[in-house]
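Tertiary structure, described
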Amino acid sequence: MAQFHLERVLPYAASDLWDMVSDVTKYPDFIPWITALRAYNATTPSEGVHVFDADVSVGYKMLSERFSTRVTRRADDLSLHMGLLRGPLRKLNGHWHFTEVAGGTRVDFDMDMDFRNPILNAMLKANLNIAVNRLMSVFEARAKQLYGHKA
């Protein structure tokens, strides 16, 4: 099992970063290893809460996999949660939270995942720091593209 927590302060508004991260249908446009994504079953169980399922296809070098998640977007606390529905993973729980702070927004990102395949698990654990930092770099580049360079 691989677990990580990443915290960064970015010079953008919390609502803008939440909008960007919670628009998961755009992920194939800027996350190079997401090759396709389809969102469906959208519901609004309460005001400011949007839930939908997403089929995600990922590919890196010669590996390709597909999995399905349930995504919950909460406008009241600027959070996003993803949980595994089905796929090659035994476990997948991801959580983003955005908090206004002096100088911008504190981004908290937590992920807990476990592949069924022990070889994939070993590869993930060996490269976890690289993968997490690369993922955050991709989101930071997207924020800069959408909201400009902030000092």
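Bear in mind the structure is a predicted one, so any value in this text is a computation, not a measurement. Throughout, a residue's number is its position along its own chain's written sequence, starting from 1. Owing to the predicted nature of the model, reporting of local features is limited to residues with pLDDT of at least 70; listing and counting of side-chain atom pairs is limited to 80 or more, with chain, interface and lining totals taken over all residues. Side-chain calculation: all heavy atoms of the structure are included, whereas hydrogens and water are not.

1. Considering the side chain of Ser 79
So the rule is basically this: Only runs of H or I of at least four residues qualify as helices and only runs of E of at least two qualify as strands under DSSP, and these elements are numbered from the N terminus. The term polar contact refers here to a pair of N or O atoms within 3.5 Å; inside protein, the definition further demands a hydrogen-donor-capable atom paired with an acceptor-capable atom, and it admits residues adjacent in sequence only when both atoms are side-chain atoms.
Inspection of the secondary structure assignment puts Ser 79 in strand S5 (residues 79–86). Polar side-chain contacts of Ser 79 include one of 2.6 Å to the side chain of Asp 77.

2. Focus: the pattern of salt bridges
Test applied: Every case where a carboxyl oxygen of Asp or Glu lies within 4 Å of a side-chain nitrogen of Lys or Arg is listed as a salt bridge. To sort residues, take the accessible area from a 1.4 Å probe on protein chains only and compare it with the maximum for the residue type: under 20% means buried, over 50% means exposed, and anything in between is partly exposed.
Under the counting rule described, the total for this entry stands at seven salt bridges. Between Asp 53 and Arg 70 there is a salt bridge, with the nearest N and O atoms lying 2.7 Å from each other. One end of the pair, Asp 53, is in strand S3 (residues 49–60); the other, Arg 70, is in strand S4 (residues 63–74), with 17 residues separating them in the sequence. The exposure class of Arg 70 is partly exposed, given its relative accessible area of 38%. For the salt bridge of Asp 55 with Arg 66, the shortest nitrogen-to-oxygen distance reads 2.9 Å.

3. Things to note about the sheet that holds S4
Quick reminder of the rule: Paired strands are those between which DSSP finds at least two bridges. As a rule, the C-alpha atoms of each element are fitted with a line to give its axis, helices using only the stretch in contact, and angles between N-to-C directions run from 0 to 180 degrees.
Strand order across the open sheet formed by seven strands is S1-S7-S6-S5-S4-S3-S2, with antiparallel pairing between neighbours. Both edges of this open sheet fall to strand S1 (2–10) and strand S2 (34–46), since each of them pairs with a single strand only. The sheet shows a mean angle of 15° between the axes of neighbouring strands, taken without regard to direction. For S5 and strand S6 (residues 89–101), the ladder comprises five bridges, and the chain directions are antiparallel.

4. Side note on the pairing of S6
Connecting the antiparallel pair S5 and S6 is a turn made up of two residues, with Gly 87 showing a positive phi of about 145°. When S6 meets strand S7 (residues 104–115), the two strands line up antiparallel, connected through twelve bridges. Paired with Thr 99 across the two strands is Arg 106, which belongs to S7. Where S6 folds back onto S7 in an antiparallel hairpin, the turn is made up of two residues, including Gly 103, whose phi is positive at roughly 90°.

5. Brief notes about the nonpolar core
Stated formally: In this description, a nonpolar core means a group of buried Ala, Val, Leu, Ile, Met, Phe, Trp, Tyr and Cys residues linked to one another through side-chain atoms lying within 4.5 Å. Any two residues having at least one pair of non-hydrogen atoms within 4.5 Å are treated as being in contact.
Among the nonpolar cores identified, the biggest contains 40 residues, and Tyr 27, Ile 31, Trp 96, Phe 98 and Phe 139 are the most heavily contacted of them. Looking at which element gives the most residues to this core, the answer is helix H4 (residues 128–147), with six residues. Excluding residues that lie within four positions of it along the chain, Tyr 27 makes contacts with Met 20, Val 21, Ile 34, Leu 37, Leu 80 and Phe 139.

6. A short note on the packing of aromatic side chains
Threshold: A pair of Phe, Tyr and Trp rings is counted when the ring centres sit within 6.5 Å of each other, with Trp represented by its six-membered ring. The angle between the planes then sorts it: under 30 degrees is stacked, over 60 is edge-to-face, the rest tilted. Charge-over-ring contacts are defined here by two conditions on Lys NZ or Arg CZ: a distance within 6 Å of the ring centre and an angle within 35 degrees of the ring normal.
Scanning the entire structure with this criterion turns up eight aromatic pairs. For the pair Tyr 12 and Tyr 147, a centre-to-centre distance of 6.1 Å together with 50° between the ring planes defines the contact as tilted. Note that Tyr 12 is positioned in the loop between S1 and helix H1 (14–22) and Tyr 147 in helix H4, a separation of 135 residues in sequence. By relative accessible area, which is 9% here, Tyr 12 ends up buried. When its relative accessible area of 24% is taken as the criterion, Tyr 147 is described as partly exposed. The ring of Tyr 40 has Arg 38 sitting right over it, with the charged end atom 4.2 Å from the ring centre.

7. Looking at the pairing of S7
For a regular strand, side chains alternate in direction, first toward one face of the sheet and then toward the other. Across the twelve residues of S7, ten count as buried, placing the element largely inside the fold. Note that S1 and S7 share nine bridges and pair antiparallel. From the neighbouring strand, Leu 10 faces S7, where its bridge partner is Thr 105.

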